[in-house]
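As a plain string of letters, each chain reads:
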Amino acid sequence: MRQLRRVLVTAGLALALASTAPAGGAAPAAAAPEPGTLVQEGGALTVPAGEEGPVTTRLTVTLPPGFSGAVPGRRLAFQAPYGTPGDRPGPRITSTCAVDGGAFAPCAWDSPDPETADGVWLLFDLPAAHVSAGASTVTYDITVDAGSELAPLGHLSTAVDLRDTAGTVVAEGELAFSFVQGTPEARLRSSLHARDRDGVLWQYDATGRGDTPLKPRKRVGGGWNAYTALTKLDRTTAAGGGDLVARDRAGVLWYYRGSGREGAPFEPRRRVGGGWNAYTSLVGLPGGDLFARDRDGVLWRYPGTGPAAQPFGRRVRVGGGWNAYRSIVAFGDGLIAHTPDGRQWRYEKADDWDPAVPFEPRRLVGGGWNVYTALAGAGRTFEDPSLVARTGDGRLVVYGVVRFDGKSEPYHPRPGGRGWNVYDLLA
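If you're wondering where the values come from, they're calculated on a predicted model, not measured in any experiment.

A.B. asks: Sorry, what's going on with the state of the cysteines here?
C.D. replies: Tallying each qualifying case throughout the model produces one disulfide. Between the sulfur atoms of cysteine 97 and its disulfide mate cysteine 107 the distance is 2.1 Å. Residues cysteine 97 and cysteine 107 are joined by a disulfide whose S-S torsion is about 80°; by sign, that bridge is right-handed. You can see cysteine 97 sitting in strand S6 (residues 93-99) and its partner cysteine 107 sitting in the loop between strand S7 (105-106) and strand S8 (109-110), a full 10 residues away along the chain. Judged by its relative accessible area of 4%, cysteine 97 falls in the buried class.

Put into structure tokens, the structure is as follows:
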């Protein structure tokens, strides 16, 4: 009886094993290991879009146990709202990548054709890696540098799945970047010039920030007390762009072309000509035009020609009555003029640029401007000092610009510092 029972149990066990064995007698296939993880240290990388330079993020990849071999490069796709900013922002982002602490090499950004992108806005090429036997992790160091025009990209993130050569996912995670407004490049930031009573000319560069609009001053040079008037012919910049003219005590006008160098913003002066003491006010406008008011109150326009050797064409009469104004300064493409009672009048650039009628009819844009002892026009954006004004006690007030219905005027005054009474001229 015991022997019969032993035979039945053995037969039942064999039947059970046979029922679970694969056809043909093959051994069960091993289950694929779970993918490892990809972690971005510190989370999304904040990228200041501006002149700050590249910032770095690190991805740490933990691989499945026992994995070794190649991890091919991966093209990652980022979704973003259509139209931010420009049609193809990808090529304007610069990145380098290093794998496992190796040398950095360029890794490309691109943008697909918006009409066929299916919502994909940016493409980023993560480089390939090779995992040695016994290694458990891979690191990717990624630098990112972007110009200030790319700040509107905002927050971008994408899922990352790294695969082996057979296409099996070996690690999963997320890569994210947050583009924020940095310091605009020097070529985009206006500069303000101030002459002290010793004749030294100083330059104040805009920061691009609303709370602290100007950087500490930089010395341009001495001997500028030889001049009775200074005016810019365009917006001067922190990068050394923009020209100005200066009139000396003998009535000779001198032309200073922008050098394009941050440390020395102007080239050596060139003589324009004499007789400029006939004018009581000189104001330059973008494009190189120079406007001059004579002692009878007539405003004249000297059209800019471009060449430094002969920067102006023959003068054209604009009109009379400009002696009504205590000061005339540039603002954007036109002028701001102030009467002795403190009223401010705006002269917008005319749509049809008639040499004799360069401005639209004036319009009143405010009062109380007689509290200021000096005024100067500068940049054209809210962050730049579009207009600066000095109070009687030496405080500087910086105005931005507001635009509406094709018109513009000074807006949002902010403090620019104290102690500006050391200067006898602003430009």
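A.B. asks: Just checking my understanding: could you explain unusual backbone geometry for this structure?
C.D. replies: Only a minority of non-glycine residues have a phi that is not negative, and only a minority of peptide bonds are not trans. In this structure, aspartate 100 takes a positive phi of about 50° despite not being glycine. Relative to the assigned elements, aspartate 100 resides in the loop between S6 and S7. On the accessibility criterion, aspartate 100 (41% relative accessible area) is partly exposed. The residue histidine 412 is not glycine, and still its phi comes out positive at about 55°. Along the chain, histidine 412 falls in strand S34 (residues 407-417). Look at histidine 412 and you get partly exposed, because its relative accessible area is 36%.

A.B. asks: Looking at this structure, how should I read a negative patch on the surface?
C.D. replies: Residues Asp351, Asp352, Asp354 and Glu360 make up a contiguous surface patch of negative charge. Structurally, the position occupied by aspartate 352 is in strand S28 (residues 349-354). For aspartate 352, a relative accessible area of 66% translates into the label exposed.

A.B. asks: Is there a simple way to think about the nonpolar core in this case?
C.D. replies: Most often, soluble globular proteins have nonpolar side chains that are buried together. Phe78, Phe124, Tyr140, Leu162, Leu175, Phe177 and Phe179 are the most contacted members of the largest nonpolar core, which totals 35 residues. Not counting chain neighbours up to four residues away, the residues in contact with phenylalanine 177 comprise Ala44, Leu45, Val47, Thr57, Phe78, Trp109, Val144, Gly154, His155 and Leu156. Core analysis: the next-biggest nonpolar cluster, separate from the first, contains 15 residues, Val245, Leu290, Tyr302 and Ala308 among them.

A.B. asks: Hey, could you run me through the packing of aromatic side chains in this one?
C.D. replies: Any pair of aromatic rings gets described here by the distance separating the centres and the angle formed by the planes. Across all of its chains, the model carries 24 aromatic pairs by this definition. Lying across the ring of tryptophan 300, arginine 315 places its NZ or CZ 3.5 Å from the centre. Of note, arginine 362 hangs over the ring of tryptophan 345, and the distance from its end group to the ring centre comes to 3.6 Å.

A.B. asks: What am I meant to see in the pairing of strand S23 (residues 299-302) here?
C.D. replies: Of the two faces of S23, the one holding Leu299 and Arg301 and the one holding Trp300 and Tyr302 are both buried throughout. Pairing of strand S22 (residues 289-294) with S23, which is carried by four bridges, proceeds in the antiparallel orientation. When the sheet's bridge partners are listed, phenylalanine 291 is paired in S23 with arginine 301. The hairpin formed by S22 and S23 contains four residues between the paired strands, and glycine 297 there has a positive phi angle of roughly 85°. Bridge analysis of S23 against strand S24 (residues 316-319) gives three bridges, and the strand direction is antiparallel. Paired with leucine 299 across the two strands is glycine 319, which belongs to S24.

A.B. asks: What exactly am I supposed to notice about the sheet that holds strand S31 (residues 372-377) here?
C.D. replies: The strands that make up a sheet pair up through hydrogen bonds in the backbone, lying either parallel or antiparallel. Strand order across the open sheet formed by four strands is S31-S32-S33-S34, with antiparallel pairing between neighbours. Since the sheet does not close on itself, it has two edges, and those belong to S31 and S34, each with one partner. Mean inter-strand twist for the sheet, computed between neighbouring axes without regard to direction, equals 25°.

Rules used throughout
Residues numbered from 1 in each chain as written. Predicted model: local features only at pLDDT ≥ 70, side-chain atom pairs only at ≥ 80, totals over all residues. Heavy atoms only, no water. Disulfide = S-S within 2.5 Å. Helix = DSSP H or I, 4+ residues; strand = E, 2+ residues; numbered from the N terminus. Buried < 20%, exposed > 50% of the residue type's maximum accessible area, 1.4 Å probe, protein only. Patch = residues over 30% accessible without salt bridge, like charges linked within 9 Å, V, L, I, M, F, W, Y side chains within 5 Å. Areas by Shrake-Rupley, 256 points an atom, 1.4 Å probe, with all protein chains shown as cover. Salt bridge = Lys/Arg side-chain N within 4 Å of Asp/Glu carboxyl O. Lys, Arg positive; Asp, Glu negative; His and termini not counted. Charge placed at Lys NZ, Arg CZ, Asp CG, Glu CD. Core = buried A, V, L, I, M, F, W, Y, C linked by side-chain atoms within 4.5 Å. Contact = heavy atoms within 4.5 Å. Phe/Tyr/Trp six-rings, centres within 6.5 Å; stacked < 30°, edge-to-face > 60°. Lys NZ or Arg CZ within 6 Å of the ring centre and 35° of its normal. Pairing = 2+ DSSP bridges. Axes fitted to C-alpha atoms, helices over the stretch in contact; angles between N-to-C directions.

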